[in-house]
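# Observations on chain architecture
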Amino acid sequence: MTNSPPLPDSTAPSAASPASRNPERRREPLEGYADHADAVRLHASLIDDDPAAMFQEMRRKHGPLVPILLDDMPAWFVIGYRELHHVTSQPQLFGRDPRRWNMRDHLPPDWPSLPYVTWQPSVMYSEGVEHQRRSGAISDALDTVDRTELTLICEQVADLAIDEFSGDGQTDLISQYAYRIPAQVVTRLFGLSETDLPHLVKDVNHVLGGSEEAASALPRVLGRMGRLITDKRARPGHDITSHLLAHAARLTDEEIVQDLIVLMIASHDSSANWIGNTLRLMLVDDHFSMNLQGGRSSVGEALNEVLWKDPPSPNLPSRWAVQDCELAGRRIRRGDLLVLGVAAANADPQVQPAAHAGSGANRAHMSFSHGEYGCPFPAPELGEIIAKTAVEVLLDRLPDVYLTVKPDALRWRPSLWVRSLEALPVRFSPTVPVGQSPSNTWGAPR
Ligand code: HEM
């Protein structure tokens, strides 16, 4: 545990921020934001190993709704559990379309979180009846996924990933395992051919990672999705794409392409980090045991504890006030951005006693968000199948995994929006890849 970090001073210029290079730009957006005189400066480097201590200090000083400068842009940080529940339960008051933001004209082109608040014609940024139409079709299509078949696909994908390093006796469980699984699994559910899958997953990783190749990868992803839709229109199958095409919502091809990409993006990072953060917990916490005997029985508990303490999406810059209103005694203006403090709400002392009482079974955390724009039914259940299977297959295949560094040497990526380890280096007794073992055929039930 580190000591409570001091809250940053809103008047102190931050060397890296765009506004500190151009003070005029910073003064302008703050006009009319009286509550922001003592705002907390929020930026990625503030999120350290002990965000709970930071939230506690914010709560002490500001209460459940914190005026923040998000890389110099005024916004509100919702850190109270009740307040977060209220905001996510009122879609008519707190919308999801970033074009509502009253600060849009002040955003510098190099603003760090720009991609998160840039509108796209997908379900993710739609509202009202339009959102219900698209989100309903997604839920119906996801609900056709056979849970047993999903588990089998996860086992196959996880086995293949482990085959790549099982003979080496060491690996990084983040890059070589956790990040290799969800996109591979979800794109298989789309009905893509086996030959298309590796290229698509590679391109999606470029797009998500924001690498130099992202610009050329995106048109390839769109092209492949477009071809998938043409194929499935001609030859429907039992897959998500065919179900979306046949849905009574009568989605256009463009809408389906956009929403398949949302499905990939929404499932990939969050499920990968759920796997990675659970493996970390099981490796560092004596309460859990990273071996076949003890581990299997505690996987569910570890997965749930991670959702309370290290949720994959700890903060979401994803609600804008539809009209002037009041929240936690503060005046919110039409178009203000509210950052949903999921991790902070989970750590709210008002709900912590309940969380402690049964963190193994208590699922009242906010890590899937909540309400109309939260992670849609049955995605949390499918995400859990993916994450649970990935952890269990690893325990089955490598029953003696140990960290190669001290737990406090593990580093979190400096990000406000994802809770993700840089790496999880481990060693284990080398084993024979499943593919080379005569007793195990690829895809056979375990
Ligand atoms: C198979 C796995 C998953 C799928 C298919 C999936 C799908 C989706 C979709 C389609 C959305 C957009 C919802 C909308 O705009 O109406 C979404 C949002 C979201 N998902 Fe998931 N998801 C998956 C796994 C996860 C996991 C593992 C987590 C975290 C533990 C998660 C947390 C979230 C959150 C926090 C949002 C944003 C909600 C908001 O802004 O309020 N998802 N997900």
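Computed from a predicted model, the values in this text were never measured in an experiment.

A separate point is the pattern of salt bridges. For the structure shown, the criterion picks out 23 salt bridges. Between Arg59 and Asp348 there is a salt bridge, with the nearest N and O atoms lying 3.9 Å from each other. In this pair, Arg59 is assigned in helix H3 (residues 51-62) and Asp348 in the loop between helix H13 (342-346) and helix H14 (352-357), connecting sequence segments 289 residues apart. Judged on exposure class, the residue Arg59 and its partner Asp348 are both buried. One salt bridge connects Arg134 with Glu130, and the closest N-O pair in it is separated by 3.7 Å. One end of the pair is Arg134 and the other is Glu130, both in helix H5 (residues 128-143) and four residues apart, which spans about a single turn. Among the charged side chains, a salt-bridge network with shared partners connects Glu130, Arg133, Arg134, Glu255 and Asp259.

Okay, empty space enclosed by the protein next. By rolling a water-sized probe across the atoms, one finds the places where empty space is left. Counting across every chain of the model gives three cavities of 30 Å³ or more. Quantified by volume, the second largest cavity comes out at close to 50 Å³. Lining the second largest cavity are Val204, Val207, Leu208, Leu218, Val221, Ile261, Met264 and Ile265. Classifying every residue of the lining of the second largest cavity by side-chain character gives eight nonpolar, no polar and no charged.

A word on helix H8 (residues 196-209). Its 14 residues place the ends of H8 20 Å apart at the C-alpha level, agreeing with the 20 Å of an ideal helix rising 1.5 Å per residue. Of all the positions in H8, only Leu197, Leu200, Val201, Asp203, Val204 and His206 are classed as buried. Contact partners of the buried residues in H8: helix H7 (182-189), helix H9 (214-234) and helix H11 (253-284).

What counts, and at which threshold
- Residues numbered from 1 in each chain as written.
- Predicted model: local features only at pLDDT ≥ 70, side-chain atom pairs only at ≥ 80, totals over all residues.
- Heavy atoms only, no water.
- Salt bridge = Lys/Arg side-chain N within 4 Å of Asp/Glu carboxyl O.
- Helix = DSSP H or I, 4+ residues; strand = E, 2+ residues; numbered from the N terminus.
- Buried < 20%, exposed > 50% of the residue type's maximum accessible area, 1.4 Å probe, protein only.
- 1 Å grid on protein atoms, 1.4 Å probe; cavity = no way out; pocket = protein on both sides within 12 Å on 5 of 7 lines; lining within 4 Å.
- Points joined across faces, edges and corners; volume = space filled by probe spheres on them.
- Nonpolar A, V, L, I, M, F, W, Y, C, P; charged D, E, K, R; others polar.
- Expected span 1.5 Å × (residues − 1).
- Contact = heavy atoms within 4.5 Å.

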